[in-house]
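As a plain string of letters, each chain reads:
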Amino acid sequence: MSRISNPEYDYIIACARIIDPESGLDKVGDIYIKGEKIVRIETEKLVLKKKKSKKANSVERIIDAEGKICCPGLIDIHTHLREPGREDEETIYTGSQSAVAGGFSTIFCMPNTQPPIDDQESVNFIYEKAKLAKCRVYPIACITVGRKGQQLTEMTDLKNAGAIGISDDGNPVSDSRILRHALEYAKMLDLQVISHCEDLNLSKDGVMHEGFVSTVLGLRGIPSLTEDVMVARDIKLAEFVGVKLHIAHVSTSGSVELIRQAKKRGLNITSEVTPHHFTLTDEAIKSFDTSCKVNPPLGTKKDVEAIIKGLKDGTIDCIATDHAPHSIEEKDVEFDSAPFGMIGLETALGLVITELVEKKHLSWIQAIAKLCTNPAKIFKLTQGKIKAGAPADLTIIDPKIEWEVDPSKLKSKSKNTPFRGWKLKGRAWMTIVNGKIVHKLK
Amino acid sequence: MELKSKNLLGLEGMKKEQIELILDTTETFKEILMRPIRKVPTLRGVTIVNLFYEPSTRTRISFELAEKRLSAELVNFSANTSSVQKGETLKDTVKNIEAMKIDIVVVRHPSPGAPHFIANCVDSSVINAGDGAHEHPTQALLDLFTLREKYKRLKGLKVAIVGDILHSRVARSNIWGLTTMGADVCVCGPSTLMPYEIEKMGVRVYSDLDKALDGRDVVMVLRIQLERQRSGLLPSLREYTNTFGITKERLKRLNKGFTIMHPGPLNRGVEITPEVADGPYSVILDQVTNGVATRMAILYLLSGGEKKLE
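Everything numeric in this text was worked out from a predicted model, so none of it was measured.

K.L.:
Any chance you could break down the overall build of chain A for me, citing the residues and the numbers?
P.N.:
When helices and strands are counted, chain A shows 14 helices and 18 strands. By the compact-globule yardstick of 22 Å for 442 residues, chain A fits well, its C-alpha radius of gyration being 21 Å. For chain A, the spread of C-alpha atoms along the principal axes amounts to about 70 × 50 × 45 Å. The buried share among the 442 residues of chain A stands at 63%.

The following block contains the structure:
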């Protein structure tokens with residue numbers, strides 16, 4: 001597609017079903033893009049029909065998206081990009097390739113790198129690397145120095161450098177006094193805190209959810225309580241301080257209920273869930289498949305049902321991948337020795353459509369809201385909406401395509417997914433970041 | 001009849017007919033072991049590697065003797081004298097061993113699922129000789145054989161398994177095996193050492209030892225480790241002994257002709273008193289004797305079976 005200069009637009013996404021949860025728009029129409037911005041949304045006089053009828057030969061600047069869904073570019077607020085430190089597993093660049101292939105135009109990267117992102121210099125490093133990335137990459141910085149849970153990071157510096165939020169993800173801030181002060185300090189700066197809720201004493205040595213399956217397999221269990229008690233504590237702390245708080249990767253029925261009650265009380269608590277936690281249960285571990293070893297661990301059917309209910313009633317605001325690349329060597333070991341985590345950027349959208357939309361748990365507009373609108377609201381981003389003047393970050397979804405997950409074809413540098421061979425419905429057909437087409441499905 | 005299985009990884013899901021075949025075959029081998037010359041040429045030319053990543057006395061010697069009496073060639077491997085110390089992964093280790101042309105791998109490993117992992121890496125048959133708290137199928141099979149030998153049946157037999165169920169692979173394999181054969185199984189131990197939803201495995205759960213022993217034919221006593229006290233699961237071994245230790249006094253509640261079993265190693269005076277361990281109803285040493293015959297039967301069946309046995 002050549003870019004001929006035109007006073008009105010550079011190109012048009014034509015005839016797509018435009019879904020924008022922010023404005024409530026759900027209608028077939030054309031989106032005009034000029035430079036880095038959306039300039040016009042037209043739902044009446046559709047260009048493709050006009051051109052077709054006039055047999056115009058100049059369709060170069062028109063992307064025929066009939067039968068597709070065009071929504072704001074998807075935003076993944078929870079990824080691990082492994083750079084700096086484990087560039088053999090993923091880099092900011094390869095992670096961004098994986099992201100755009102999965103339909104994400106913005107991703108946040110967690111600070112549990114080596115070294116961790118706990119000072120201004122490290123935040124600058126991420127932004128420097130992100131210049132070459134295929135999508136927008138925003139770093140989340142640490143709450144405490146070295147993620148050790150002892151000393152607060154220089155949050156003013158971090159915020160000024162562009163940290164989008166703070167989290168010690170992978171670790172909780174175990175010391176309640178330290179978290180209290182972190183929340184107070186972050187409140188002063190209006191910096192979003194993201195909590196990894198895990199009581200390390202309760203989860204000690206555990207490798208999977210404690211339940212009947214762990215009993216049969218003889219694997220050491222992580223009780224649901226591990227998450228529940230920390231979610232309860234963190235909600236209490238946030239309530240006391242009077243600050244907003246985001247709970248990462250909710251995985252138990254207990255914490256869904258705690259968050260629901262907190263929201264009912266009017267607290268500003270938000271939360272996210274991963275696609276694997278609404279798709280898989282601990283039964284998947286019966287074959288000792290290390291790609292199913294994740295933290296928090298896969299729960300039971302009861303947890304999956306509670307999570308889906310939480311997604312439906314709005315208790316859970318966002319769907320985030322917790323994309324956690326690991327090398328083959330690290331995962332191809334005994335279950336006890338394998339690290340926690342699975343990749344997810346390229347399977348997330350397919351799982352949302354297959355498991356939630358197709359099964360009528362969520363409407364399209366609800367599902368899309370959890371993948372872009374809500375994350376944008378929580379983190380106060382300018383993208384995440386389809387509106388004239390907004391950044392042209394768009395994802396065009398082919399909702400009908402059926403495809404099989406083949407790890408060797410994924411863009412991520414790592415291949416640790418339990419969804420190998422799964423047949424999914426729906427996939428990102430095109431991803432546009434800042435007006436630029438960065439992914440097109442072949 | 002054949003076992004119709006390349007590996008012996010666990011008793012979960014094993015069919016009654018398969019277990020019966022192993023027990024029947026064990027009987028034949030036990031008879032061979034009672035002869036003046038206890039060696040048969042059945043597995044001549046078969047190479048077996050005993051891969052032990054965890055200390056073991058009984059199981060290891062038992063496998064070695066079973067292999068020798070079947071005339072197999074065997075190699076012993078232990079983790080502390082090998083390249084494991086140099087950081088070699090389990091996968092590389094077994095791949096290398098298999099490259100030297102072997103037929104059967106016998107593995108003991110502290111991590112549950114390690115034998116399954118190995119079975120996915122190699123073409124050889126894999127026998128689980130104990131994987132963490134998961135399964136110890138050869139132990140359970142020799143226990144079943146010992147009980148069948150004494151009672152001539154397993155169906156309806158009332159068995160109590162007492163002790164640290166949470167960490168016990170012997171308990172898990174025995175629960176699968178015994179319930180498949182129609183025995184009535186209960187487990188008893190302190191609530192901190194009882195795994196989550198164990199009743200779903202088809203057993204009743206007791207924390208009162210006297211209730212658990214009431215009207216039982218068999219008591220399987222499990223080893224209790226000092227470590228459980230340190231990790232906050234037990235107040236003290238002293239209290240454990242007073243509450244769950246099997247003493248002569250406790251035996252009164254059992255059925256006539258009852259049996260006491262223990263997979264070893266014994267903590268005399270902790271989970272079992274010496275007089276009970278050495279009593280006339282104890283089959284602890286028979287279990288050890290039958291272990292060799294059971295393992296001979298398993299090795300024989302896994303390497304094709306039915307051919308050269310007279």
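Having put the structure on the table, let's press on.
K.L.:
Give me the lowdown on the confidence of the model for chain B, citing residues and values where you can.
P.N.:
Mean pLDDT over chain B stands at 94; residues scoring 70 or higher make up 96%. Scoring of the predicted complex yields 0.94 for pTM and 0.94 for ipTM.

K.L.:
An account of a nonpolar patch on the surface is requested, with residue identities and associated values reported.
P.N.:
On the surface, L202, L225 and V229 of chain A cluster together into a nonpolar patch covering about 210 Å² of accessible area. Here V229 of chain A lies in helix α8 (residues 225–241).

K.L.:
Requested: an account of the pattern of salt bridges, with residues and values cited.
P.N.:
Overall, the coordinates contain 42 salt bridges over all chains when judged by the stated rule. Here E149 of chain B makes a salt bridge to K30 of chain B, at a shortest N to O gap of 2.8 Å. Pair noted here: E149 of chain B is in helix α5 (residues 137–151) and K30 of chain B is in helix α1 (residues 16–33), with a separation of 119 residues, a long-range link. Overall, the relative accessible area of 14% leaves K30 of chain B in the buried class. Salt bridges sharing partners connect three or more residues here, namely R82, R86, D88, E89 and E330 of chain A.

K.L.:
Outline the nonpolar core, supporting the account with residue identities and numerical values.
P.N.:
Nonpolar side chains tend toward joint burial in soluble globular proteins. Residues F108, V137, I269, F278 and L311 of chain A are the most contacted members of the largest nonpolar core, which totals 90 residues. The element that contributes the greatest number of residues to this core is helix α14 (residues 364–378) of chain A, accounting for seven residues. Not counting the four nearest positions on each side in its chain, F108 of chain A is found in contact with I75, D76, I77, H78, T79, Y138, I140, I164, F379 and L381 of chain A. Counting 64 residues, the second-largest nonpolar core is a separate cluster that includes M14, L70, A72 and L222 of chain B.

K.L.:
Hey, could you go over the layout of surface pockets for me, with residue numbers and the actual values?
P.N.:
It is a probe the size of a water molecule, rolled over the atoms, that shows where empty space is left. For the largest pocket, the calculated volume is near 1,500 Å³. Along the wall of the largest pocket there are 49 residues; nearest its centre are A133, H167, S168, Q225 and R228 of chain B. Residue assignment for the lining of the largest pocket shows that the elements contributing at least two residues are α6 (200–203) and α7 (212–217) of chain A together with α2 (58–69), α6 (169–180) and α8 (227–230) of chain B. Sort the elements by how many residues they give to the lining of the largest pocket and α6 of chain B lands first, with three residues. Residue composition of the lining of the largest pocket, by class: 16 nonpolar, 19 polar and 14 charged.

K.L.:
A description of helix α9 (residues 253–264) of chain A should follow, citing residues and the corresponding values.
P.N.:
All names here are of chain A. Compared with the 16 Å implied by 1.5 Å per residue over twelve residues, the 17 Å span of α9 between its first and last C-alpha is a close match. On its buried face, α9 sits against α8, β13 (245–247), β14 (269–273) and α11 (301–313). G266 occupies a position one or two residues after α9 and carries a positive phi of about 90°.

K.L.:
Provide a residue-level description of the environment of I62 of chain A, including the pertinent values.
P.N.:
Along the chain, I62 of chain A turns up in strand β4 (residues 62–64). Linking I62 of chain A and F125 of chain A, residues 63 residues apart in sequence, is a C-alpha distance of 38 Å.

K.L.:
How would you summarise the packing of aromatic side chains if you had to cite specific residues and measurements?
P.N.:
For the coordinates displayed, the defined rule picks out eight aromatic pairs over all chains. Geometrically, the ring pair formed by F258 of chain B and Y281 of chain B is tilted, given 4.8 Å between the ring centres and 35° between the ring planes. Of this pair, F258 of chain B sits in the loop between α9 (237–244) and β9 (259–261) while Y281 of chain B is found in the loop between α10 (274–277) and α11 (284–302), placing the two residues 23 residues apart along the sequence. Both residues of the pair, F258 of chain B and Y281 of chain B, belong to the buried class. Among the aromatic residues, those joined into a cluster by ring pairs are F108, Y138 and F379 of chain A. Here K68 of chain A stacks its cationic end above the ring of W429 of chain A, 4.5 Å away from the centre of that ring. Note that K293 of chain A overlies the ring of F340 of chain A, its terminal NZ or CZ placed 4.9 Å from the centroid.

K.L.:
Lay out the packing of α9 of chain A against α11 of chain A with the relevant residues and their values.
P.N.:
All names here are of chain A. At their nearest, the axes of α9 and α11 sit 8 Å apart, and the two run at 25° to each other. Classified by the angle their axes make, α9 and α11 are roughly parallel. α9 and α11 meet at a crossing whose hand is left-handed. Contact residues: S253, V256 and R260 in α9; K302, D303, A306, I307, K309, G310 and D313 in α11. Its residues assigned to classes, the contact of α9 with α11 shows three nonpolar, two polar and five charged.

K.L.:
Lay out the sheet that holds strand β7 (residues 104–109) of chain A in plain terms, naming residues and giving numbers.
P.N.:
Residues and elements named next belong to chain A. Strands sit in the order β6-β7-β8-β9 across an open sheet of four strands; the sheet is parallel. Each edge of the sheet is formed by a strand with only one pairing partner; in this case those strands are β6 (74–79) and β9 (165–166). Where β6 lies against β7, four bridges are found, and the strand directions are parallel. Of the residues in β7, the one forming a bridge with T79 is C109. Taken strand by strand, α14 contacts β6 and β7, and its axis lies near 70° from that of β6.

Cut-off values and rules
- Numbers given to residues run from 1 along each chain, matching the order in which its sequence is written.
- For naming, the first written chain is A and the first written ligand is 1, with later ones following in the order written.
- Per-residue local features of the predicted model are confined to residues with pLDDT of at least 70, and side-chain atom pairs are confined, for both listing and counting, to 80 or more; whole-chain, interface and lining totals are unaffected and use all residues.
- With hydrogens and water stripped out, all remaining heavy atoms of the structure feed into the side-chain values.
- Counting from the N terminus, the helices are DSSP H or I runs at least four residues long and the strands are E runs at least two residues long.
- Just to be clear, the radius of gyration here is over C-alpha atoms, and the globule rule we use is 2.2 Å times residues to the power 0.38.
- Between buried and exposed lies partly exposed: a residue is buried under 20% and exposed over 50% of the maximum accessible area for its type, with that area taken using a 1.4 Å probe on protein chains only.
- How sure the predictor is of each residue is captured by pLDDT, a score from 0 to 100.
- Two distance rules govern patches: like charges are joined within 9 Å, and nonpolar side chains (Val, Leu, Ile, Met, Phe, Trp, Tyr) within 5 Å, applied only to residues with over 30% relative accessible area and no salt bridge.
- Residue exposure ignores everything except the shown protein chains as possible cover, and the areas themselves are Shrake-Rupley values with a 1.4 Å probe.
- Salt bridges are defined by distance alone: a side-chain nitrogen of Lys or Arg within 4 Å of a carboxyl oxygen of Asp or Glu.
- In plain words, nonpolar cores are sets of buried Ala, Val, Leu, Ile, Met, Phe, Trp, Tyr and Cys residues tied together by side-chain atoms within 4.5 Å.
- Residue contacts are defined here by distance: any two heavy atoms, one from each residue, within 4.5 Å place the two residues in contact.
- Whether a set of points on the 1 Å grid over the protein atoms alone is a cavity depends on a 1.4 Å probe fitting there but being unable to get out, while an open set qualifies as a pocket with protein on both sides within 12 Å along at least five of seven lines; lining residues are those with an atom within 4 Å of a point.
- Grid points are joined across faces, edges and corners, and a volume is the space filled by probe spheres set on the points.
- Throughout this entry, Asp, Glu, Lys and Arg are counted as charged residues, while Ala, Val, Leu, Ile, Met, Phe, Trp, Tyr, Cys and Pro are counted as nonpolar. The remaining residues, Gly among them, count as polar.
- One less than the number of residues in a helix, times 1.5 Å, gives the span that helix is expected to have.
- Each aromatic pair joins two rings of Phe, Tyr and Trp (for Trp, the six-membered one) with centres within 6.5 Å, and gets the label stacked for planes under 30 degrees apart, edge-to-face for over 60, and tilted for any other angle.
- Each ring is checked for a lysine NZ or an arginine CZ that lies within 6 Å of its centre and within 35 degrees of its normal; such an atom marks a charge sitting over the ring.
- Each axis is a line fitted through C-alpha atoms, and for a helix only the stretch in contact is used; angles between axes span 0 to 180 degrees, taken between their N-to-C directions.
- For classification, angles of less than 35 degrees are called roughly parallel, those exceeding 145 degrees roughly antiparallel, those between 65 and 115 degrees roughly perpendicular, and all remaining angles oblique.
- Note on convention: the crossing is left-handed when the near helix lies turned anticlockwise from the far helix by less than a right angle, right-handed when the turn is clockwise.
- A strand pair is defined by DSSP finding two or more bridges across the two strands.

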